[in-house]
There are 2 protein chains.
Amino acid sequence: MGISGMAAAAEPVDLDMVNRIRQEAFHRSQVMETFSQLTETIGPRLTNSPQMARANAWTRGKFTEWGLANVHDEAFDDFGRGWEFSNASVEMLSPRALPLHALPKAWTPGTPGPVEGEAMRVTIKAIGDLDQYKGKLAGKILLLDEAREYKRGSEPDSERHDDTGLAELQTFAVPKDQTKDRAKRIKEFGERRALAKATNAFFAAEGALAALSISGWDNGIIRVGGGGSRKAGEPIGVPELAMAAEHYNPLVRAVERKQPVRLRVDVQARFTDEADQPGYNTLAEIPGHGAKAGEIVMLGAHMDSWHAGTGAADNAAGVAVMMEAMRILKAVGARPHRTIRVALWSGEEQGLIGSQAYVARHFAAYPEPTDPAQKALPASLRESTGALQKTRDYDRFSAYFNMDNGSGRFRGIHAQENLAAMPIFEAWLAPFHDVGATTVASRNTGSTDHVSFDRVGLPGFQFIQDRLDYFSNVHHSNLDTWDHIEPEDLKQAAAIVASFAYHAAMRDERLPRKPLLEN
Amino acid sequence: MGISGMAAAAEPVDLDMVNRIRQEAFHRSQVMETFSQLTETIGPRLTNSPQMARANAWTRGKFTEWGLANVHDEAFDDFGRGWEFSNASVEMLSPRALPLHALPKAWTPGTPGPVEGEAMRVTIKAIGDLDQYKGKLAGKILLLDEAREYKRGSEPDSERHDDTGLAELQTFAVPKDQTKDRAKRIKEFGERRALAKATNAFFAAEGALAALSISGWDNGIIRVGGGGSRKAGEPIGVPELAMAAEHYNPLVRAVERKQPVRLRVDVQARFTDEADQPGYNTLAEIPGHGAKAGEIVMLGAHMDSWHAGTGAADNAAGVAVMMEAMRILKAVGARPHRTIRVALWSGEEQGLIGSQAYVARHFAAYPEPTDPAQKALPASLRESTGALQKTRDYDRFSAYFNMDNGSGRFRGIHAQENLAAMPIFEAWLAPFHDVGATTVASRNTGSTDHVSFDRVGLPGFQFIQDRLDYFSNVHHSNLDTWDHIEPEDLKQAAAIVASFAYHAAMRDERLPRKPLLEN
């Protein structure tokens, strides 16, 4: 018998409470009502947009209605300006009339009504590439990318883990040395930022009407993030859109065979603030009882989204599941020893900004760099600025559980190299083997808000989920909508989160930690 | 050894000519120039649209440039009116602002500029369902379909035949008796037509602003055909569009939860004729030489298309391949015994209309019914009207080869139950085994223009092709565009068609026929 098996036998599981949680989660679920409200009534929730503010307000209202405590928004500084769009259209006027499918990049300006101009291909890979276009861009609609060959599908576009896939997840790849990469990544980060700024300023100064880039995916899917700049005072460039590959490629081919292409672009988009604004996370609690009431278990998911779809799998699904877990715990009358706190993050899509600010304020942070060059880097690229500075709550913190790998069913959890946590998770998962959640993997996973905890040595975890069509159809695309999720998967996830939160809150000890490797 | 193997040994193949054809097809191909002109410069080619007329003219020009003879358009009567659209947009105005992706159905009217109204769900399955909506539709935008659950992909969206698939194609399913089905199909056809007419008239009379239906496929793909009516004097209804499922479903869900949804619809579409017009097939020949010059081998593909994409796989691919086969034969200096004639059909998408009219005029037809009820039926549903009436050329006809199963590589040919043709095809295919075309299947295949020949007992054939993403992404959809085809597949197909045409034209005998089962 392995160590995890041995230890799991010793970890207590309250099966009566699991029973109650499962009944509430499976038979009196409200997760789809929550999910529908977020996606179809509120819609996408770009950080600092009016829709994100509506989501903050609506979720606060729901938490209050459910009887949670300390319901509030917590600001994080200096995110930038809000932005929203209400409509966008691109038409080909010649050589033939045709509506083209495109959506605007966030934080780029709208057009002053419809504008018309000739399509022009530009190739800009470095600041030095701009000069050749001086005096040539006025009145033009720029094609930023080359045509891209269609990538034919070789796998089904939706997928659930099978036994082989789950077994594979239980292997751990000993990491390569990454020090050499770091200098390169810092250099590239700086170059990218400088190029974007210079290009935005140049396009606007030269009087280009708009700019088009190719969607990252084929099959008419529009995958789009941000452009311009969210920071007040920085150049925002010209109206910029991502276009379906099947519509973009023909424009490039026509221009390359010297066939004039005339386009009309109409983007109704606006910045909703003149000055930079803080972003807002929404928080709420079920207070603990007794001696451990000052200790904390956290659940969370980012509520902000990109704007092309409705932010459904990314990440209304996670928000609805975390909210539902809190509702279930209230509904079953849970009286946890530790406080269970839920956080609905903002600014995740721009670099885990909301969760990182929250962790820095409440638990631990490295000193802010004084060197402006270091200050300009994202936290993951900065050099050491000294020892980690911890708050009182650092040692009172037990664990953070996150959901942000699409909407697919939970199949287990990534232990994030915390081997001491594995037998505990195995015990907690046992009552959910029958609904497909079986696997505790030692692997790290990244790119979402548990990293903000993990980075400062706090136990932060992300569940293993079925992929479904997250990385083929919906991630950051116009297809990230209600119809691509599975209600049963959200119910299952909510039950597991509620049970994990409850057991973490009731356990004798806080969750064990892995050694912190300081920056 | 099987019979096909025995006979194949006896069928002569001119490998010197095959060499010349392959060199021209593979190394001096013009198939992509032709294909690009049809799809990207001309665009989609709805039957009787101005773009179809441009395609007729351009292909005539090309045939003339290549030195073909008897280049001309041939009219077929009474198709209906032309129609085209230049732009279409649907916006949600409330509960939130959002551009929705939709394209108009052919032969439905445009809007008189943008129109705004409330979305309303209607359920119309029979004429009796209309009454309940009397006086209630004015100013409304109608949702014709219920919401549809997302269908998750379980297979790759693109596929080529493997050995198992090709072997499976060589089995033949002995057909079930279809007489009973026929009466049912006639009844349903009549009911569908009557319902469409009544509904179109009712919506217009009631003052509905527009009507929306759900696209037949998910993942944002818009699959759309015709609505309204192409026939002058028939009710054309109101502006009608097919909408991406991910945008349509939320409208229905909102209406069902009593949330008012306000939409703006703007469709720039028009009928290009007041009265019904004939359609036009384009024809051209390489005249035969000697005693068999009066005998005929035909190649063909339909040039008309639906309008959502650019009619690329359906069927600029087939047209480009058939044109390229003719060009190759001229380029290699072929002097065929029989005349090789190419036909670029129109009206295929509305029921093989162009090819059927052509076959009736030039080769054979059943007498036109006098009963108006029978007259109203498509030919495939009519009762017997007497013996087949044949022209002089009926017996001079050898074979017709068609391409219309998308753009995928040729893997062989359907022998359409003509067992005597199979060993001949096996011999002709042998020099193309190395490029993947190996399989002669006894199976019938339908739904395209070779059926117009087959129905009157003339040998008409359709090649076996790799499916690629024809039935997952492109068929009749906005993704039926340049990027979804493979240039190498078109080159391969053109070589095979040129060689088949040449060998059919040079063979001692015309192609054997299977017995004609008269209606």
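Bear in mind that the values here come from a model prediction, so they are computed numbers and not experimental data.

Here is what the cut-offs are and how they apply
- Residues numbered from 1 in each chain as written.
- Chains lettered and ligands numbered in written order.
- Predicted model: local features only at pLDDT ≥ 70, side-chain atom pairs only at ≥ 80, totals over all residues.
- Heavy atoms only, no water.
- Helix = DSSP H or I, 4+ residues; strand = E, 2+ residues; numbered from the N terminus.
- Rg over C-alpha atoms; globule rule 2.2 N^0.38 Å.
- Buried < 20%, exposed > 50% of the residue type's maximum accessible area, 1.4 Å probe, protein only.
- Contact = heavy atoms within 4.5 Å.
- Areas by Shrake-Rupley, 256 points an atom, 1.4 Å probe, with all protein chains shown as cover.
- Least-squares fit on C-alpha atoms with pLDDT ≥ 70 in both.
- Phe/Tyr/Trp six-rings, centres within 6.5 Å; stacked < 30°, edge-to-face > 60°.
- Pairing = 2+ DSSP bridges.
- Expected span 1.5 Å × (residues − 1).
- Arc of directions from axis to C-beta.
- Axes fitted to C-alpha atoms, helices over the stretch in contact; angles between N-to-C directions.
- Lys, Arg positive; Asp, Glu negative; His and termini not counted.
- Salt bridge = Lys/Arg side-chain N within 4 Å of Asp/Glu carboxyl O.
- Polar contact = N/O pair within 3.5 Å; in protein donor to acceptor, adjacent residues only side chain to side chain.
- Buried area = accessible area lost by both parts, 1.4 Å probe.
- Core = buried A, V, L, I, M, F, W, Y, C linked by side-chain atoms within 4.5 Å.
- UniProt positions renumbered as here; feature names shortened; annotations may be inferred.
- Parallel < 35°, antiparallel > 145°, perpendicular 65-115°, else oblique.
- Left-handed = near helix turned anticlockwise from the far one by under 90°.
- Nonpolar A, V, L, I, M, F, W, Y, C, P; charged D, E, K, R; others polar.

Chemist: In this structure, what is going on with the overall build of chain A? I would like to understand it.
Modeler: Scanning chain A from terminus to terminus reveals 14 helices and 18 strands. Computed over the C-alpha atoms, the radius of gyration of chain A is 24 Å, within 12% of the 24 Å expected from 2.2 N^0.38 for a compact globule of 519 residues. With the principal axes as the frame, chain A shows a C-alpha extent of 75 × 50 × 45 Å. The buried share of chain A, reckoned over its 519 residues, is 57%. Looking at chain A alone, contacts between residues at least 24 apart form 86% of all its contacts between residues at least 6 apart. Accessible area for chain A stands at about 20300 Å²; split by element, carbon and sulfur atoms hold 51% of it.

Chemist: Honestly, the relation of the copies chain B and chain A in this entry has me stumped. Any pointers?
Modeler: Aligned on chain A, chain B shows an RMSD of 0.0 Å; the corresponding rotation is 180° and the shift along the axis is 0.0 Å. What we have between these two chains is a two-fold relation. Scanning chain B for the C-alpha nearest the rotation axis identifies B:Pro156, at a separation of 2.0 Å. Here 100% of the interface residues in chain B have copies in chain A that are interface residues too; the copies meet face to matching face.

Chemist: Even after reading the chapter, I still don't get the packing of aromatic side chains, so can you show me in this structure?
Modeler: Within a pair of aromatic rings, the relevant descriptors are the distance that separates the centres and the angle that separates the planes. Residue and element names in this part refer to chain A. By the definition in use, this model includes 48 aromatic pairs over all chains. Measuring from ring centre to ring centre gives 6.0 Å for Phe-401 and Phe-425, while their planes differ by 65°; the resulting arrangement is edge-to-face. Within this pair, whereas Phe-401 is found in strand S15 (residues 397-402), its partner Phe-425 is found in helix H11 (residues 422-429), the two being separated by 24 residues in sequence. In this structure Phe-401 comes out as buried when scored by relative accessible area, which is 1%.

Chemist: Got a minute to help me understand the environment of A:His503 in this structure?
Modeler: All names here are of chain A. In this fold, His-503 is placed in helix H14 (residues 487-506). What makes His-503 buried here is its relative accessible area of 6%. Each C-alpha atom of the pair His-503 and Ala-97 lies 62 Å from the other, and the pair is 406 residues apart in sequence. Setting aside its immediate chain neighbours within four residues, His-503 contacts Pro-12, Val-13, Asp-14, Val-18 and Trp-428.

Chemist: Just checking my understanding: could you explain the pairing of strand S6 (residues 140-143) of chain B for this structure?
Modeler: Taken residue by residue, a regular strand's side chains alternate between the two faces of the sheet. Residue and element names in this part refer to chain B. Alignment of strand S5 (residues 115-121) against S6, held across four bridges, turns out to be parallel. Across the sheet, the residue bridging to Glu-118 is Lys-140, located in S6. Where S6 meets strand S7 (residues 210-214), three bridges bridge the pair, whose relative direction is parallel. The residue bridging Ile-141 from the neighbouring strand is Ala-210, located in S7.

Chemist: Teacher, can you tell me more about helix H4 (residues 50-65) of chain B here?
Modeler: Think of an α-helix as turning once every 3.6 residues; residues three or four places apart then point the same way. Residue and element names in this part refer to chain B. Helix length check: H4 (16 residues) gives 22 Å between terminal C-alpha atoms against 22 Å at 1.5 Å per residue, within 8%. Those residues of H4 not exposed but buried are Gln-51, Met-52, Ala-55, Asn-56, Thr-59, Lys-62 and Phe-63. Viewed end-on, H4 has its buried residues packed into an arc of 150°, placing them on one side of the element. Exposed and facing more than 90 degrees away from the buried side of H4 are Thr-64 and Glu-65.

Chemist: How should the environment of B:Leu38 be read in this particular structure?
Modeler: Within the secondary structure, B:Leu38 is located in helix H3 (residues 31-42). Looking at B:Leu38, the relative accessible area reads 0%, which means it is buried.

Chemist: Quick question: what am I supposed to make of the sheet that holds strand S11 (residues 296-302) of chain B here?
Modeler: Hydrogen bonding along the main chain pairs the strands of a sheet, whether they run parallel or antiparallel. Residues and elements named next belong to chain B. The strand order across the open sheet formed by eight strands is S1-S10-S12-S11-S15-S18-S16-S17, and the pairing between neighbours is mixed. This sheet does not close on itself; its edge strands, each paired only once, are strand S1 (69-80) and strand S17 (439-441). Strand-to-strand twist in this sheet, taken as the mean axis angle between neighbours without regard to direction, amounts to 25°. Bridge count for strand S15 (residues 397-402) against strand S18 (residues 460-465) is three bridges, and the pairing is parallel. Counted as the bridge partner of Phe-401 is Phe-461 from S18. This element, helix H9 (residues 353-362), spans S1, strand S10 (277-286), S11 and strand S12 (339-345) of the sheet and lies at about 110° to S1.

Chemist: Just checking my understanding: could you explain the side chain of A:Asp157 for this structure?
Modeler: The topology assignment puts A:Asp157 in the loop between strand S6 (140-143) and helix H5 (163-169). There is no salt bridge for the buried A:Asp157, and the closest opposite charge comes from B:Arg152, which lies 6.9 Å off by N-O distance. Of the polar contacts made by the side chain of A:Asp157, one reaches the side chain of A:Asn473; its length is 3.1 Å.

Chemist: What is the right way to read the interface of chain B and chain A from this model?
Modeler: When the parts of a complex come together, some accessible area is lost, and that lost area is often taken as the interface size. The partner chain A presents 47 residues to the 47 residues of chain B that form the contact. Among the residues of chain B in contact with chain A, B:Arg96, B:Arg152 and B:Asp483 are the three that bury the most area, contributing 18% of the side total. At the surface where chain B touches chain A, the tally comes to eight salt bridges. Put simply, B:Arg152 and A:Glu486 hold a salt bridge, and the shortest N to O gap is 2.6 Å. Across the chain B-chain A interface, the total number found is 29 residue pairs in polar contact (both at pLDDT 80 or more). Elements with a contribution of two residues or more to the side of chain B that touches chain A: H3, strand S2 (83-94), strand S3 (98-100) and helix H7 (245-256) of chain B.

Chemist: Help me understand the pattern of salt bridges in this model?
Modeler: Side-chain pairs of opposite charge can arise whenever the charged atoms involved come near each other. Under the defined criterion, the tally for this structure stands at 74 salt bridges over all chains. Across the pair B:Arg327 and B:Glu24 runs a salt bridge whose closest N-O atoms are separated by 2.8 Å. Placement of B:Arg327 in helix H8 (residues 312-331) and of B:Glu24 in helix H2 (residues 15-27) is noted, with a sequence separation of 303 residues between them. Within the structure, one salt-bridge network assembled from shared partners comprises A:Arg160, A:Arg409, A:Arg411, A:Asp466 and A:Asp489.

Chemist: Sorry, what's going on with the nonpolar core here?
Modeler: The nonpolar side chains of a soluble globular protein tend to be buried with one another. Grouped together as the largest cluster of nonpolar side chains are 76 residues, with contacts concentrated most on A:Phe35, A:Leu299, A:Phe401 and A:Phe425. A total of 13 residues in this core trace back to one element, the largest contributor, which is helix H8 (residues 312-331) of chain A. Every residue in contact with A:Phe401, bar those within four places of it in the chain, is listed here: A:Met298, A:Leu299, A:Gly300, A:Met322, A:Ile413, A:Phe425, A:Trp428, A:Phe461, A:Phe463, A:Phe500 and A:Ala504. Counting 70 residues, the second largest nonpolar core, distinct from the first, contains B:Val321, B:Met323, B:Ala498 and B:Ala501.

Chemist: So what exactly am I meant to see when it comes to the UniProt feature "domain: Peptidase M28" (unreviewed entry) in chain A here?
Modeler: Residues annotated by UniProt as "domain: Peptidase M28" (unreviewed entry) correspond here to residues 281-500 of chain A. Taken as a whole, residues 281-500 of chain A contains 30% helix and 20% strand, while its terminal C-alpha atoms sit 22 Å from one another.

Chemist: How do you make sense of the sheet that holds strand S4 (residues 102-104) of chain B when you look at a structure like this?
Modeler: Residues and elements named next belong to chain B. An order of S3-S2-S9-S5-S6-S7-S8-S4 is seen for the eight strands of this open sheet, with the pairing classed as mixed. Single-partner strands in this sheet number two, and they are S3 and S4. Going from strand to strand, the sheet's axes swing by 35° on average, the running direction of each strand aside. Packing against the sheet, H7 makes contact with S2, S3, S5, S6, S7, strand S8 (240-243) and strand S9 (262-271), and its axis sits at approximately 115° to S7.

Chemist: Could you clarify how one ought to interpret the packing of H3(B) against H4(B) in this entry?
Modeler: For any two helices packed against each other, the geometry is given by the interaxial angle and the distance between the axes. All names here are of chain B. Direction vectors running N to C along H3 and H4 enclose 150°, while the axes themselves pass 11 Å from each other. Between H3 and H4, the crossing angle belongs to the class labelled roughly antiparallel. In this structure, the crossing between H3 and H4 has a hand that is right-handed. Counting all contacts with H3, which are made through Thr-34, Gln-37, Leu-38 and Ile-42, the residues of H4 involved are Gln-51, Arg-54, Ala-55, Trp-58 and Thr-59. Here the residues of the contact of H3 with H4 sort into four nonpolar, four polar and one charged.

Chemist: Would you mind showing me how to read the environment of A:Gly216 here?
Modeler: All names here are of chain A. Mapped onto the elements of the fold, Gly-216 is located in the loop between strand S7 (210-214) and strand S8 (240-243). A relative accessible area of 44% places Gly-216 in the partly exposed class. The contact partners of Gly-216, leaving out residues within four places of it in the chain, are Arg-148 and Arg-223.

Chemist: In this structure, what is going on with unusual backbone geometry? I would like to understand it.
Modeler: Phi is mostly negative for residues that are not glycine, and the peptide bonds are mostly trans. Residues and elements named next belong to chain A. Here the residue pair Asp-314 and Asn-315 is connected by a cis peptide bond, since its omega of 15° sits within 30 degrees of zero. Residue position: Asn-315 is located in helix H8. A positive phi angle is found at Asn-70, which is not glycine, with a value near 50°.

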